[in-house]
There are 2 protein chains.
Amino acid sequence: MDLSRMDIKLKVGQRVRELRKQRELSQEGLAYKAEVDRTYVTDIENGRRNVSLEIMERLINALDVSITEFFNTKEFRK
Amino acid sequence: MDLSRMDIKLKVGQRVRELRKQRELSQEGLAYKAEVDRTYVTDIENGRRNVSLEIMERLINALDVSITEFFNTKEFRK
DNA sequence: ATGTGACTCGTAGTCCGTG
DNA sequence: CCACGGACTACGAGTCACA
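Residues numbered from 1 in each chain as written. Chains lettered and ligands numbered in written order. Predicted model: local features only at pLDDT ≥ 70, side-chain atom pairs only at ≥ 80, totals over all residues. Heavy atoms only, no water.

Chemist: Explanation requested: the relation of the copies chain B and chain A in the structure shown.
Modeler: There are two copies of the chain, and a rotation about an axis plus a shift along that axis relates them. Superposing chain B onto chain A takes a rotation of 180° plus a shift of 0.1 Å along the axis, which leaves an RMSD of 0.1 Å. Expressed as an axis order, the relation between the two copies is that of a two-fold axis. The C-alpha atom lying nearest the rotation axis in chain B is that of Ser52 of chain B; the distance is 2.1 Å. When you check the interface residues of chain B against chain A, 95% turn up at the interface there too, and the contact is symmetric in its surfaces. (Least-squares fit on C-alpha atoms with pLDDT ≥ 70 in both. Contact = heavy atoms within 4.5 Å.)

So, in structure tokens, the structure goes:
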């Protein structure tokens with residue numbers, strides 16, 4: 001898979017899923033912590049939503065990671 | 001200034017401005033490269049807009065920096 | 001427990017100006 | 001060159017029934 005050409009929504013979605021699983025959270029659990037709808041998390045993880053900064057912040061906080069860490073993977077390094 | 005409590009929109013706005021000035025671009029020049037509206041860049045830099053991922057990607061590309069690097073500052077490390 | 005289509009409603013994002 | 005405002009359109013936020 002060519003990471004450099006993958007859509008940013010997909011990259012973010014995969015990163016959310018990766019971190020969520022590391023924390024052993026369900027989509028429902030993450031949704032609760034981030035105060036968003038369960039089905040919205042599904043959409044985000046599957047790259048179907050063009051999320052805004054404020055939602056990103058809530059997800060990242062709920063995943064208990066810094067913004068820097070969230071984007072510190074090879075997928076985001078181009 | 002307490003960086004940890006500063007809103008993500010303000011942090012992003014400041015980072016855009018910082019990188020834009022390093023590149024010696026005007027807001028208009030950046031807007032042109034990122035294919036967004038001139039007035040929208042003003043609002044973003046001043047932390048008034050809740051930008052989406054796709055617009056973020058366009059701005060970051062226009063600033064010629066990776067996503068990882070964009071968020072790799074102490075403001076985003078919490 | 002996750003995924004999907006179809007919604008409503010507010011705001012993201014554009015375009016016209018001003019000082 | 002930048003900040004700001006008004007008016008507009010497109011799309012993100014947020015929810016639901018159903019699978």
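After presenting the structure, the write-up continues.
Chemist: Would you take a moment to explain helix 2 (residues 27-34) of chain A for this structure?
Modeler: Along an α-helix, residues three or four positions apart point the same way, because every turn accommodates 3.6 residues. Among the residues making up helix 2 of chain A, those that are buried are Gln27, Gly29, Leu30, Ala31 and Ala34 of chain A. Trailing helix 2 of chain A by a residue or two, Glu35 of chain A shows a phi angle of about 55°, which is positive. (Buried < 20%, exposed > 50% of the residue type's maximum accessible area, 1.4 Å probe, protein only. Helix = DSSP H or I, 4+ residues; strand = E, 2+ residues; numbered from the N terminus.)

Chemist: So what exactly am I meant to see when it comes to unusual backbone geometry here?
Modeler: Working note: non-glycine residues mostly have negative phi, and peptide bonds are mostly trans. All names here are of chain A. Here Glu35, not a glycine, exhibits a phi torsion of approximately 55°, which is positive. Residue position: Glu35 is located in the loop between helix 2 and helix 3 (38-45). Even without being glycine, Asp64 reaches a positive phi, approximately 55°. Residue position: Asp64 is located in the loop between helix 4 (53-62) and helix 5 (67-70).

Chemist: Help me understand the protein's contact with DNA strand C, please; the structure alone is not making it clear to me.
Modeler: Neighbouring residues of DNA strand C: 21 residues in total, closest Gln27 and Arg48 of chain A together with Tyr40, Arg49 and Ser52 of chain B. Per the 4 Å cut-off to the protein, sugar and phosphate atoms form 59% of the nearby atoms of DNA strand C. In the model, a base oxygen of DNA strand C is placed 2.9 Å from a nitrogen or oxygen of the Arg38 of chain A side chain. Here Thr39 of chain B contributes a side-chain N or O atom positioned 3.4 Å from a base nitrogen of DNA strand C. When contributions to the surface near DNA strand C are tallied by element, the ones reaching two or more residues are helix 1 (8-22), helix 2 and helix 3 of chain A together with helix 3 (38-45) of chain B. Classifying every residue of the surface near DNA strand C by side-chain character gives 4 nonpolar, 8 polar and 9 charged. (Near = heavy atom within 4 Å. Polar contact = N/O pair within 3.5 Å; in protein donor to acceptor, adjacent residues only side chain to side chain. Nonpolar A, V, L, I, M, F, W, Y, C, P; charged D, E, K, R; others polar.)

Chemist: So what exactly am I meant to see when it comes to the packing of helix 1 of chain A against helix 4 (residues 53-62) of chain B here?
Modeler: How two helices sit against one another is set out by the angle between their axes and by the gap between those axes. Running from amino to carboxyl end, helix 1 of chain A crosses helix 4 of chain B at an angle of 110°, the nearest separation of the two axes being 9 Å. On the basis of their axis angle, the class for helix 1 of chain A and helix 4 of chain B is roughly perpendicular. The way helix 1 of chain A lies across helix 4 of chain B gives a crossing that is right-handed. When helix 1 of chain A is examined against helix 4 of chain B, the residues Ile8, Lys9 and Val12 of chain A are found in contact with a partner set consisting of Leu53, Glu54 and Glu57 of chain B. Its residues assigned to classes, the contact of helix 1 of chain A with helix 4 of chain B comprises 3 nonpolar, no polar and 3 charged. (Axes fitted to C-alpha atoms, helices over the stretch in contact; angles between N-to-C directions. Parallel < 35°, antiparallel > 145°, perpendicular 65-115°, else oblique. Left-handed = near helix turned anticlockwise from the far one by under 90°.)

Chemist: Help me understand the interface of chain B and chain A, please; the structure alone is not making it clear to me.
Modeler: When the parts of a complex come together, some accessible area is lost, and that lost area is often taken as the interface size. On the chain A side, the residues contacting the 22 residues of chain B number 22 residues. The three residues of chain B that bury the most area against chain A are Ile8, Leu53 and Thr68 of chain B, which together make up 32% of that side's buried surface. At the junction of chain B with chain A, the criterion picks out 2 salt bridges. Residue Glu54 of chain A pairs with Lys9 of chain B through a salt bridge whose shortest N-O separation is 2.8 Å. The interface formed by chain B and chain A holds 20 residue pairs in polar contact (both at pLDDT 80 or more) in total. At the level of elements, helix 1 (8-22), helix 4 and helix 5 (67-70) of chain B are the ones that each hand at least two residues to the side of chain B that touches chain A. Among the elements that make up the side of chain B that touches chain A, the one with the highest residue count is helix 4 of chain B (5 residues). Residue composition of the side of chain B that touches chain A, by class: 9 nonpolar, 7 polar and 6 charged. (Buried area = accessible area lost by both parts, 1.4 Å probe. Salt bridge = Lys/Arg side-chain N within 4 Å of Asp/Glu carboxyl O.)

Honestly, it's all geometry; don't read function into it.
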